[in-house]
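Remarks on the overall topology
Spelled out, the chains give:
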Amino acid sequence: MRSDASFPTSSPAASPTPPPSGLATFRENLRQTPRRFRESILRGGRPTTDRSRSSFVFGNVFLHLHAVRTHRWSLRWAATWGLGIASLSAFLLTVITGVLLMFYYKPYPSVAYDSIKDIHFVVPTGRFMRNIHRWAANVMVVGVILHMARVFYTASYRAPREYNWVIGLGLLIVTLGLSFTGYLLPWDQLAYWAITIGANIAQSPREVTDALGITEWFDYGGLQKLLLLGSTEVGEEALIRFYLLHVMILPLVLVALLAVHFWRVRKDGGLAKPVDADRRLPPIEAGVYPVFTEAPAKTYQIAAIVAGRTPAVGHGPEQTVPSMPHLFYAELGVFMLTVAGCLALSLLSDAPLKELANPSVPENPAKAPWYFLGLQELVAFSAFMGGIGIPTIVILGLALIPFLDRERAGTGEWFGGPGGGRLVVEALVVGTLAAVAVEAFVIQFGWLREWFPQVPQLAVTAINPGTIITLIYAVYSLYLVKRYNSPRAGALGLFTCFLCGFVILTVIGTYFRGPNWGFYWSPADWPGH
Amino acid sequence: MTSTPTGLRSRLDPEPMPRRDFLGMASLVSTGAALLFALIGSMRLPKAAVLPLPARRFNVSLPESLPPGEPYSPPGRNVAVFRDGEGVFAVSLVCTHLGCIVKPTPTGFDCPCHGSRFGPDGSVLRGPAPTPLQWLMVKGKDGQYTVDESITVPQGTRVSV
């Protein structure tokens, strides 16, 4: 505790002593400054008691997004697997390494590629930093997707957390946007052609407006591409725009969304748990969670009477432990694991850099980063449907889930809800089989354009393997809603199918597509050039 | 509360809006309108008025020895110029699907990115391309021609040799 006893202590009864000289006071205050500075950092003193641990949390601007006490249910590994914190840790890594890369990177076509080469070969630690940046970005994409799966399968999106689920979808989109914009910056062949394809996906509403013959008056696709590239082709304007998006606009949006996301986790009552979580937890082993290390004293005050839910209404604090140290040390552990993983990957494998961008000769095959290869598989059927239509449908479907599933059973439990784990296994089989069967059919027999070269484009846009797979998934989950008489069962089926489709299409795009996007069992079968 | 000049107001008259409510509403509406217009105005900025593009029109001299049906690609241009019995024509090599550069083959054109295949006249044979390859405006004669990439012409348009 802070002690500001004046020096020297003097009692009124003592014989009058001369007041200390100004210089002596000065010297003593100077001597005490380091201790007083340390004490002034922590407003409540060292976190040694329940009370000072509470003030450690709410007296710190960085920590006070957390609750003062954390429920033991939420601290189990199986509750979260630390996936959200791992994604955040990867994001922090990309921010730090990204700022460092900005010291040398030059966003101009004639020098961008050379500056990346400088970073790789000349700049001290430059290659290591670029590798970390690249691997942390990959870990972040994986982490965000797995985190979403965890939240979904534990039914943690339910009221009052619907809004935070939607914010989370926004974070997924911004994360993918950050990856995509970062992809152009090296200005190599891979970058150039991936962005050319991406920009033309933005333009693909023309596929519909052209077919309707209204592009002349309403060219939404052209406008999107123009805004993205600042031109009609990928060039210096596009590079500056992608750079701006990558280092400024998207990070700002991401941080704003993150703030809302974390704040809502807290305000929505922490992690979702089953109603009977208190009873199901095993008793605390002696000495594991030292709770109430001093006589219970007031650790909070009612600052205002507010309407709505507050985190602890109706629940005793029996199964909660102080966030400091229990939650924070766990978070630090996840952070360190993520950092260690990213560093190990960065030491093992270098970020790729192909030859300098050549606007006349595309890569063959020209492949996007792995998490976009599922999309690339879809755009190989129809640019508009695969690149814009189906992703929009998927995002809308995911956003609607918490508003359609208003059930209570199974909240906070893995595969909770009607059907449970068995339904998920069935949906895994259905989702995988549907995607594989449709793909196999197309690869074997082709599609409308090969059978009827004169078929109108709108027919191909509306009926193609991508929309067929989407339709099968939608019908299957509606059937599940009926069979189990529960929207949650439908959601379990739909989400599982969505994951299956994503994985199957990504695997096909990554491993089984060769030159001219043909199907090959192995790259060894690719025709020579 | 304001009152009418006569000082009398019927119970049935609507309540006049209190001054503070009016000022609050006015500031709310004006702020909203200002933000909306500022947003529209700043969205206008990224839509470039002048595009930094190289000249879309270029001259090409066809070699005498160019066999009929063989493509001639001027360096740095994604265009194939052909000469056959009926005349000279130019086909854009930019795939109409997602903008990759197609490769001339004996059977027409192949796109490396998503497997679209086009016939010798640019029409779609297979794959996801929604429209045929564009034919470009050609002018000139006697081996000296001018191609304009910004003007498309109907399929089959040729200039006589």
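**Digging into the overall build of chain A**
Helices and strands together make up the secondary structure of chain A, namely 21 helices and two strands. With respect to the three principal axes, the spread of C-alpha positions in chain A is 110 × 60 × 50 Å. Per-residue burial for chain A yields a buried fraction of 45% across its 529 residues. Taking contacts inside chain A between residues at least 6 apart in sequence as the whole, the part at least 24 apart equals 78%. Of the roughly 27600 Å² of accessible surface on chain A, 69% is carried by carbon and sulfur atoms. Put simply, chain A has 42 plus and 33 minus side-chain charges, and the middle of one group is 12 Å from the middle of the other.

**Some points on the sheet that holds strand 1 (residues 57–61) of chain B**
Residues and elements named next belong to chain B. Here we have five strands laid out as an open sheet, ordered 1-9-8-3-2, and antiparallel in their pairing. Looking at strand neighbours, the two that pair on one side only are strand 1 and strand 2 (79–84), the edges of this open sheet. Between one strand axis and the next, the sheet turns by 30° as a mean value, whatever way the strands run. Direction of pairing for strand 8 (residues 135–141) relative to strand 9 (residues 144–153): antiparallel, over a ladder of seven bridges. Following the sheet pairing, G140 is matched in strand 9 by Y145.

**Some points on the pattern of salt bridges**
Residue and element names in this part refer to chain A. Per the counting criterion, the structure on display carries 18 salt bridges over all chains. As a salt-bridge pair, R513 and E377 come within 2.6 Å of each other at their nearest N and O atoms. With R513 in the segment after helix 21 (487–511) and E377 in helix 15 (residues 373–379), this residue pair connects regions lying 136 residues apart in the sequence. The residues R513 and E377 share a single accessibility class, namely buried. Beyond isolated ion pairs, a larger network of salt bridges with shared partners links D276, R280 and E413.

**With respect to the interface of chain B and chain A**
Frequently, the measure chosen for interface size is the accessible area that the parts lose on association. On the chain A side, the residues contacting the 26 residues of chain B number 34 residues. Together chain B and chain A conceal approximately 2400 Å² of surface at their shared face, both sides included; 61% is due to carbon and sulfur atoms. When residues of chain B are sorted by the area they lose upon contact with chain A, B:L98, B:P112 and B:H114 head the list and together hold 23% of the total. At the junction of chain B with chain A, the criterion picks out one salt bridge. For A:E233, the salt bridge identified is with B:R56, shortest N-O distance 3.2 Å. Counting across the interface, chain B meets chain A through seven residue pairs in polar contact (both at pLDDT 80 or more). No other element matches the three residues that strand 7 (residues 124–126) of chain B contributes to the side of chain B that touches chain A. Counted by class, the side of chain B that touches chain A contains 16 nonpolar, six polar and four charged residues.

**A look at the pairing of strand 3 (residues 87–92) of chain B**
Residues and elements named next belong to chain B. Most of strand 3 sits out of view: six of its six residues are buried. On strand 3, burial covers both faces: G87, F89 and V91 on one face and V88, A90 and S92 on the other are all buried. For strand 2 and strand 3, the ladder comprises six bridges, and the chain directions are antiparallel. Its bridge partner lying in strand 3, F82 is registered against F89. The antiparallel pairing of strand 2 with strand 3 creates a hairpin that spans two residues between the two strands. Relative to strand 8, strand 3 runs antiparallel, the two sharing two bridges. Opposite V91, over in strand 8, you have W135 as the bridge partner.

**Some thoughts on the nonpolar core**
By size, the foremost hydrophobic cluster in this structure holds 108 residues, and its most contacted members are A:F152, A:W187 and A:F495. Sort the elements by how many residues they give to this core and helix 21 of chain A lands first, with 10 residues. Residues within four places of A:W187 in sequence aside, it is in contact with A:P109, A:A112, A:Y113, A:Y192, A:V234, A:G235, A:L239, A:L356 and A:A357. B:F58, B:L62, B:V81 and B:V138 belong to the second largest nonpolar core, which has 13 residues in total.

**Describing the sheet that holds strand 7 of chain B**
Residue and element names in this part refer to chain B. With antiparallel pairing, the four strands of this open sheet are ordered in space as 4-5-6-7. Among the strands making up the open sheet, the edge pair consists of strand 4 (103–105) and strand 7. In this structure, strand 4 lies alongside strand 5 (residues 108–110), joined through three bridges in antiparallel fashion. Following the sheet pairing, T105 is matched in strand 5 by G108.

**Thoughts on the state of the cysteines**
All names here are of chain B. By the definition in use, this model includes one disulfide over all chains. Disulfide pairing is shown between C100 and C113; the S-S distance is 1.9 Å. What sets the handedness of the C100 and C113 disulfide is the S-S torsion sign, and at about -90° it is left-handed. Here C100, found in the loop between strand 3 and strand 4, pairs with C113, found in the loop between strand 5 and strand 6 (117–118); they are 13 residues apart in sequence, far enough to count as distant. Note on accessibility: C100 and C113 belong to one class, buried. This cysteine, C111, is not joined by any disulfide, and C95 carries the nearest cysteine sulfur, 3.7 Å off. The exposure class assigned to C111 is buried, which follows from its relative accessible area of 2%.

Definitions and cut-offs
Residues numbered from 1 in each chain as written. Chains lettered and ligands numbered in written order. Predicted model: local features only at pLDDT ≥ 70, side-chain atom pairs only at ≥ 80, totals over all residues. Heavy atoms only, no water. Helix = DSSP H or I, 4+ residues; strand = E, 2+ residues; numbered from the N terminus. Buried < 20%, exposed > 50% of the residue type's maximum accessible area, 1.4 Å probe, protein only. Contact = heavy atoms within 4.5 Å. Areas by Shrake-Rupley, 256 points an atom, 1.4 Å probe, with all protein chains shown as cover. Lys, Arg positive; Asp, Glu negative; His and termini not counted. Charge placed at Lys NZ, Arg CZ, Asp CG, Glu CD. Pairing = 2+ DSSP bridges. Axes fitted to C-alpha atoms, helices over the stretch in contact; angles between N-to-C directions. Salt bridge = Lys/Arg side-chain N within 4 Å of Asp/Glu carboxyl O. Buried area = accessible area lost by both parts, 1.4 Å probe. Polar contact = N/O pair within 3.5 Å; in protein donor to acceptor, adjacent residues only side chain to side chain. Nonpolar A, V, L, I, M, F, W, Y, C, P; charged D, E, K, R; others polar. Core = buried A, V, L, I, M, F, W, Y, C linked by side-chain atoms within 4.5 Å. Disulfide = S-S within 2.5 Å.

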